[in-house]
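# Fold and geometry: a report
Residue-level listing of the chains:
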Amino acid sequence: MGLLFSLPLAGSLGTIATSCLGGLAFCFTSTAASMFCKSCNCNSSIATRIGFAIIFILNSLLAWLMKTPFAICKIEEWSYDYIKMDCAEGKCYGVLAVHRICFALTLFHAILSLSLIGVNDSRGKRASIQNGWWGPKVLLWLILVVATFLIPNGFFMFWGNYVALIGATIFILLGLILLVDFAHTWSETCLEKWEATNLTLWQFILIGSTAIMYIATISLTGILYAYFAGPRCTLNQFFISFNLALCILITILCVHPVIQVYNPRSGLAQAGMVAAYYTYLII
């Protein structure tokens, strides 16, 4: 670990970055992990979800940072030009750093999945791999991130053009299914609370959340048309307009009498969440 933090960080940020990394090293020790486990119930499913969500957010932020020219230049500089994020045959592969970060997270979860084969409940010995050991898991994730930069660019050209595209599609579809399920649960919970307590508060919560979703959808669509749909951006115009048409379509379908017969709980709340999610994906 000490060798890892002794790597030269070029520029005036070197001292600050090295100090920050040295401070973060404490978070990956067994002492820090024990202190964290004592302060909260890390074996609970909620804490586990929060932990993995934090790793996902950090991975997303790091991938976003890798899209900047500054990060690419620093990677090439720190690797003494061993790692080159150059352009070949007129195609720029600067986003290969983003694919590397996402590939590291994929490997991280694949390793965890393989290590948990045969574990049926949280009382098993290997269940602690899922619900605990956050220090070693974060360290493993960081090691995988660093290791992916040693893989040749050719692999990630294939990965980004084929494998990642299919995986991203599946991820979006699964996210949409989970969102629709959450939207139904949210709507039904508000309606049940309103009918059970006869309080208008739940009515206002349901109506207010639905209005917020539609306001967000309309606002984001306006921003997309204003900044990303210029006279020559015909492809952008098509996708923005197609998304707007889909949002209107699902809104009509959710309140259609035929849909109401088969699913009386269907309404604008579900359509609003899906519309906002669609518009967010367009961005």
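None of the values given here were measured: they were computed from a predicted structure. The written sequence of each chain sets the order in which its residues are numbered from 1. Since the coordinates come from a predicted model, pLDDT governs what is reported: local features require at least 70, and pairs of side-chain atoms require 80 or more to be given and counted, while whole-chain, interface and lining totals use all residues. Side-chain metrics in this entry use all non-hydrogen atoms of the structure; hydrogen atoms and water are not considered.

It is worth spelling out the overall build of the protein chain at this point. A run of DSSP states H or I qualifies as a helix once it reaches four residues; a run of E qualifies as a strand once it reaches two. Both are numbered from the N-terminal end. Regarding its fold elements, the protein chain presents 13 helices and two strands. Looking at the protein chain as a whole, 29% of its 283 residues are labelled buried. Intrachain contacts of the protein chain at a sequence separation of at least 6 include 65% that bridge at least 24 residues. Areas reported as accessible are Shrake-Rupley estimates using a 1.4 Å probe. Residue values count occlusion only from the protein chains shown. When the accessible surface of the protein chain is totalled, it reaches about 18400 Å², and 73% of it is carbon and sulfur. Only protein chains enter the accessibility calculation, which uses a 1.4 Å probe; a residue is then buried when its area is under 20% of its type maximum, exposed when over 50%, and partly exposed in between. Any two residues whose heavy atoms approach within 4.5 Å at even a single point are treated as in contact.

As a further point, take unusual backbone geometry. If a residue is not glycine, its phi is most likely negative; likewise, a peptide bond is most likely trans. For W133, which is not a glycine, the phi torsion comes out positive at approximately 55°. With respect to the helices, strands and loops of the structure, W133 is situated in the loop between α7 (127-131) and α8 (134-148). We note that N198 has phi near 60°; this positive angle belongs to a residue other than glycine. Counting through the fold element by element, N198 comes out in the loop between α9 (153-197) and α10 (200-228).

Turning our eyes to something else, we now look at the nonpolar core. In summary, soluble globular proteins display a tendency toward joint burial of nonpolar side chains. Nonpolar cores were defined as sets of buried Ala, Val, Leu, Ile, Met, Phe, Trp, Tyr and Cys residues, with membership established by side-chain atoms within 4.5 Å. Grouped together as the largest cluster of nonpolar side chains are 20 residues, with contacts concentrated most on I55, M66, I101, F108, W141, V145 and F149. Counting only elements with at least two residues in this core, the list comes to α4 (45-65), α5 (69-78), α6 (96-115) and α8. Per element, the largest residue contribution to this core is seven residues, and it comes from α6. If you look at the next biggest cluster of nonpolar residues, it comprises seven residues, including L176, C247, I250 and Y277.

Aromatic rings from Phe, Tyr and Trp, taking only the six-membered ring of Trp, are treated as a pair when their centres fall within 6.5 Å; an angle between ring planes under 30 degrees marks them as stacked, one over 60 as edge-to-face, and anything in between as tilted. Evaluation of the coordinates by the stated rule reveals nine aromatic pairs. Relative to Y162, the ring of F158 lies with its centre 5.3 Å away and its plane at 35°, an arrangement referred to as tilted. You can see F158 and its partner Y162 sitting in helix α9, four residues apart, about one turn around the helix. Judged by relative accessible area, which is 48%, F158 ranks as partly exposed. Among the aromatic residues, those joined into a ring-pair cluster are F103, F155, F156 and W159. Lysine and arginine charges are scored as sitting over a ring when NZ or CZ, respectively, is within 6 Å of the ring centre and within 35 degrees of the ring normal. The ring of W134 is capped by K137, whose NZ or CZ atom sits 3.6 Å from the centre of that ring.

Moving on, we get to the confidence of the model for the protein chain. Taken residue by residue, the protein chain gives an average pLDDT of 78. The fraction at 70 or more is 79%. pLDDT runs from 0 to 100 and stands for how confident the predictor is about each residue. No element of the protein chain has a lower mean pLDDT than helix α1 (residues 2-5), at 39, and none a higher one than helix α11 (residues 234-254), at 91.

Relative orientation of the contacting elements α9 and α10 amounts to 155°, with a least axis distance of 8 Å. As the angle between them shows, α9 and α10 are arranged roughly antiparallel. Our pair here, α9 against α10, has a crossing hand that is left-handed. When α9 is examined against α10, the residues W186, S187, C190, L191, K193, W194 and T197 are found in contact with a partner set consisting of W202, Q203, I205, L206 and S209. Classification used: nonpolar for Ala, Val, Leu, Ile, Met, Phe, Trp, Tyr, Cys and Pro, charged for Asp, Glu, Lys and Arg, polar for all others including Gly. Class assignment for the residues of the contact of α9 with α10 results in seven nonpolar, four polar and one charged. Note on geometry: axes are C-alpha line fits, over the in-contact stretch for helices, and angles between N-to-C directions span 0 to 180 degrees. Roughly parallel means an angle under 35 degrees; roughly antiparallel, over 145; roughly perpendicular, 65 to 115; everything else is oblique. For any pair of crossing helices, the crossing counts as left-handed if the nearer helix is rotated counterclockwise from the farther one by less than a right angle, and right-handed if it is rotated clockwise.

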